[in-house]
Amino acid sequence: MRDTQLAVRAHGLTKSFDDVVALDGVGLELAPGRIHGLAGPNGAGKTTLLGLLLGLAVADEGALEVLGRPVGRALAAPDGVAGFVDGPGLYPSLTARKNLAALASLRGQDPRSARIDEVLAEVGLSEVADDRVRGFSLGMRQRLGLAAALLTEPRLLVLDEPSNGLDPAGKQHVHRALRRLADDGVTVVLSSHRMDDLEALCDEVTILAAGRVRFSGPLGELATDSRELEHRLRTSDPAAARRVAATVGGVKVLSETGAEALVVRATGPAVEELVAALVPAGVRVREVAPVVPPLEAAFLALTEQQEDLP
Amino acid sequence: MSVITAGRTAVVAAGPVAARPVPVGRVYRFELVKLLSQWRIRLLLLACWTAPGLFTAAVAQQGTLPSDTLFGRWMHATGWAGPLVVLGFAGSWALPLLTSVVAGDVFAVEDRLGTWRQLLVTVRSPRRIFAAKALASTTVIVLLVAGLAASGTVGGLAAVGDQPLVGVDGHLLRPSDAAVSVLLAWACALAPTLALAALGLLGSVLLGRSPMGLLVPALAAVAMQLAQLLPLPVALRLALPGYAFVSWNGLFADPARLDELLIAVAVSLVWAAAATTAAWLLFVRRDFTTGSEDGAGRRALAFAVLPLAGLLALTSGAVWPATPSTGSGITQEKVQRSVATAFAHLYRLQTEQLHRPAVTEDQLRATAACQRGDGQVDPEGPGNDWRCVVTWHLPGTDAPGTAVYQLDVASDGRLTADGDGPKDVNGYFLVHTPTGDAPNPLWQFDGQVGLLASPAHPLDPTKE
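Cut-off values and rules
- Residues numbered from 1 in each chain as written.
- Chains lettered and ligands numbered in written order.
- Predicted model: local features only at pLDDT ≥ 70, side-chain atom pairs only at ≥ 80, totals over all residues.
- Helix = DSSP H or I, 4+ residues; strand = E, 2+ residues; numbered from the N terminus.
- Buried ≥ 20, exposed ≤ 12 C-beta atoms within 10 Å, placed from the backbone.
- Contact = placed C-beta atoms within 7 Å.
- Pairing = 2+ DSSP bridges.
- Axes fitted to C-alpha atoms, helices over the stretch in contact; angles between N-to-C directions.
- Domains from an automatic or database assignment.
- Nonpolar A, V, L, I, M, F, W, Y, C, P; charged D, E, K, R; others polar.
- Expected span 1.5 Å × (residues − 1).
- pLDDT = per-residue confidence, 0-100.

*Asks:* How should I be thinking about the overall build of chain A in this particular structure?
*Replies:* On a plain count of helices and strands, chain A comes out with 10 helices and 14 strands. Judged by the C-alpha coordinates and their principal axes, chain A covers about 75 × 45 × 35 Å. Of all 310 residues assigned to chain A, the portion counted as buried reaches 49%. Once local pairs closer than 6 in sequence are excluded, the contacts in chain A between residues at least 24 apart make up 68%.

Okay, here's the thing in structure tokens:
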């Protein structure tokens, strides 16, 4: 892959605030047309990384290229980068339409010819276009913030927690808009605390903990990781199921004797083996489900593992 | 160190585009739109463009005049007194509050709304944002000041009319001269207003979303007013940026007393530049990835307060050599000259009112002998225990006339003379003229001691 083909190329990014190391040698390469999720516990460095991408700050060490241009102390983020961190940054005394018109004017666009109605429709805010933002819910503000970013026709869109406060319909609008952008070749980087949101939207994910990258790659890789997870099995005969589980290699029984459901710790293949062993033993399996969703479990495992590091 | 490559290989749609900060003009218009969309700014604009006019028109219909304000006692006589009364009031209260609301909030509002990052991502230049915000807030403040001046003038002229104005030394200004002087006085008041606005910018940058930033100009103005009440040395008094709110009255003397005014305006502009520079330096060094900088307020305060205290010392030192007067600047000779000059001008006015034979100030040869505390107190400095005996000569009369006045001399040099006899000169509020009763100009009058004026002013018509 040639460097110029990447939307973002970061190498060894380090950023500290006084004694607090927010980013510690982070590297990242993002290709165009992908939706990339950033996950991590509070204080992991997500917002700092997004801020660097938006040109809000510069790294203490390392190199960062955005849309093929180096970004640094004297070099702002290039045109084509849009987004928000820590909320969409709107003016409550203006209507939704006037917020967008003022931003369009600021960018040198003619507010009359800018695609204001189009982007408002895309995020589902056409009906409240002439209402003051003061009365908007958090979800509506998030969607208007996205509309403001869409107005710039970005090539790199950076969003901090864009799903915060969104109702299902709002989430649908946002996901649809982001997917459409990605299909058009726009790179989207978004952070979220919700792994289900990332799973629904992202092609790939980077998990940060304590300023370091713990995982980066397609979500499938994270979910099918071979680490052991807790699974709950509901069967027709819990006692028999417990006896069978004890005989299957790689399966550790966690539930107490006499419990209604069988809880085991095992890898995915080991759980499949257990189910295969239960059927010939005459035990009917009614439900097999992870106690914690796999992505979330992987996230917890990765971040807790990081916290344990010195 | 982690180096991870994520994502498939693909081709970026277009080549790199240079980062281009948004031009200042565009950011300025954006800031103006935001400011003017705030209901409180709209309310202030409405108030500034209407309230002074209504006030001056209403006062002109009242029997009681605000004679404790300079020019207040002439509000029945000419419409040009109205905007000057408004200016006196504005310098004390309105302008500090206006600058607080506008400049004191122009940066803090972005902290409250969490909009800094959106703005920075779009504009790409903290320097340009600062320049645009400073210009936009200055524009709004100038609009507010213009409203106060225009409204007060229109209200005064509409209610009372375009008559000559009595100056601070009692001389008459023709309406056209009064108009120019009123305009200049308001223009000079812009300088300390800009200094307060710059302090507001500094407070707004320093203290972020804290409401304390909003109060900085108002607190600074109150502190300066309190300082002006104290018997400070002249150099220190003139080194304060608010002194131009007082010294504009030098425009209404004959000859105009410009030395104090020019120094005060220059000092105000230096303060405006220094506070703006301090705000600039703090702003462009701010790291916007960490959200609001409320925690940094205290530390930054030290970096702002100390330089401004140094500036006060510096301007005091610079003004010191320009002040021939030491101490309070209020001396016996200057008080005597000020009272005699005002008396001579106003005596001539009274003579015209009563249709007596015309006299000139030169013919009157008015002098004043002033003491403090019946001669028990050194005759210098502010105080309300001054007593003056004014002596004058009428052409063709051998015996000089005398009149007594009780004086209240303020520390900024303003004096109020209250007639204490004889009754036919200054004993009554009204005089009987052939066309009816009229206010007696010699009953009570204002004057101004030039704090910088040398004891023997070469142009003083009453010089010995």
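From this point on, the discussion continues.
*Asks:* Just to check I follow, could you spell out the sheet that holds strand β7 (residues 414–419) of chain B for this structure?
*Replies:* Adjacent strands of a sheet pair through backbone hydrogen bonds, lying either parallel or antiparallel. All names here are of chain B. Pairing is antiparallel in the open sheet, where five strands are placed in the order β4-β5-β6-β7-β10. The open sheet is flanked by β4 (367–372) and β10 (444–448), the only strands paired with a single partner. Within the sheet, the average angular offset between the axes of one strand and its neighbour, ignoring direction, is 30 degrees. Of the strand pairs in this sheet, β7 and β10 are connected by five bridges, and their pairing is antiparallel. In the sheet register, Thr 416 faces β10, and the bridge partner there is Asp 446. Sitting on the sheet, helix α13 (residues 332–353) is in contact with β4, β5 (383–392), β6 (401–409), β7 and β10, with an inclination near 135 degrees to β4.

*Asks:* Which parts of the structure should I look at to understand the environment of Ala 104 of chain A?
*Replies:* Residues and elements named next belong to chain A. One can find Ala 104 in helix α2 (residues 96–106). Of the residues examined, Ala 104 has 20 C-beta atoms within 10 Å and is grouped as buried. Separated by 48 residues in the primary sequence, Ala 104 and Thr 152 place their C-alpha atoms 7.9 Å from one another. Those residues in contact with Ala 104 that sit more than four places away from it in its chain are Gln 109, Pro 111, Ala 114, Ile 116 and Leu 151.

*Asks:* Please explain unusual backbone geometry as it appears in this structure.
*Replies:* All names here are of chain B. Of note, the amide linkage connecting Asp 254 to Pro 255 takes the cis form, showing an omega dihedral of 0 degrees. Looking at the element boundaries, Pro 255 is found in the loop between α10 (244–247) and α11 (258–284). If you check the backbone angles, Phe 71 has positive phi at about 75 degrees while not being a glycine. What makes Phe 71 buried here is the crowd of 28 C-beta atoms within 10 Å.

*Asks:* It is not clear to me how the domain arrangement of chain B should be interpreted in this structure. Could you clarify?
*Replies:* Many descriptions give the size of an interface as the accessible area lost when the pieces come together. All names here are of chain B. Per the domain assignment, the segments making up chain B are domain 1 (24–322) and domain 2 (332–448). Once you take the C-alpha centre of each, domain 1 and domain 2 turn out to be 35 Å apart. Contact with domain 1, which involves 15 residues of that partner, is made by 15 residues of domain 2. Classifying every residue of the side of domain 1 that touches domain 2 gives eight nonpolar, five polar and two charged.

*Asks:* Help me out: how do you make sense of helix α7 (residues 175–207) of chain B in this one?
*Replies:* An α-helical turn contains 3.6 residues, so a residue and the one three or four places further along point in the same direction. Residues and elements named next belong to chain B. Helix length check: α7, at 33 residues, gives a terminal C-alpha distance of 47 Å against a target of 48 Å (1.5 Å per residue), a fit within 8%. Of all 33 residues making up α7, 25 are buried, and the element is well covered by its neighbours. Immediately downstream of α7, the backbone of Gly 208 shows phi near 55 degrees, a positive value.

*Asks:* Would you mind going over the confidence of the model for chain B with me for this structure?
*Replies:* Any segment with low pLDDT has predicted coordinates that should not be analysed in fine detail. Residues and elements named next belong to chain B. Residue-level pLDDT values for chain B average 86, and 89% of them are 70 or greater. Here strand β1 (residues 2–5) stands out as the element of chain B with the lowest mean pLDDT, 40, in contrast to helix α6 (residues 126–159), whose mean of 96 is the highest. A low-confidence stretch, residues 1–17 stays under pLDDT 50, and its non-local contacts, those more than four residues away or across chains, total 55 contacts. Across residues 455–464, where pLDDT falls below 50, the model places 17 contacts with residues more than four positions away in sequence or in other chains.

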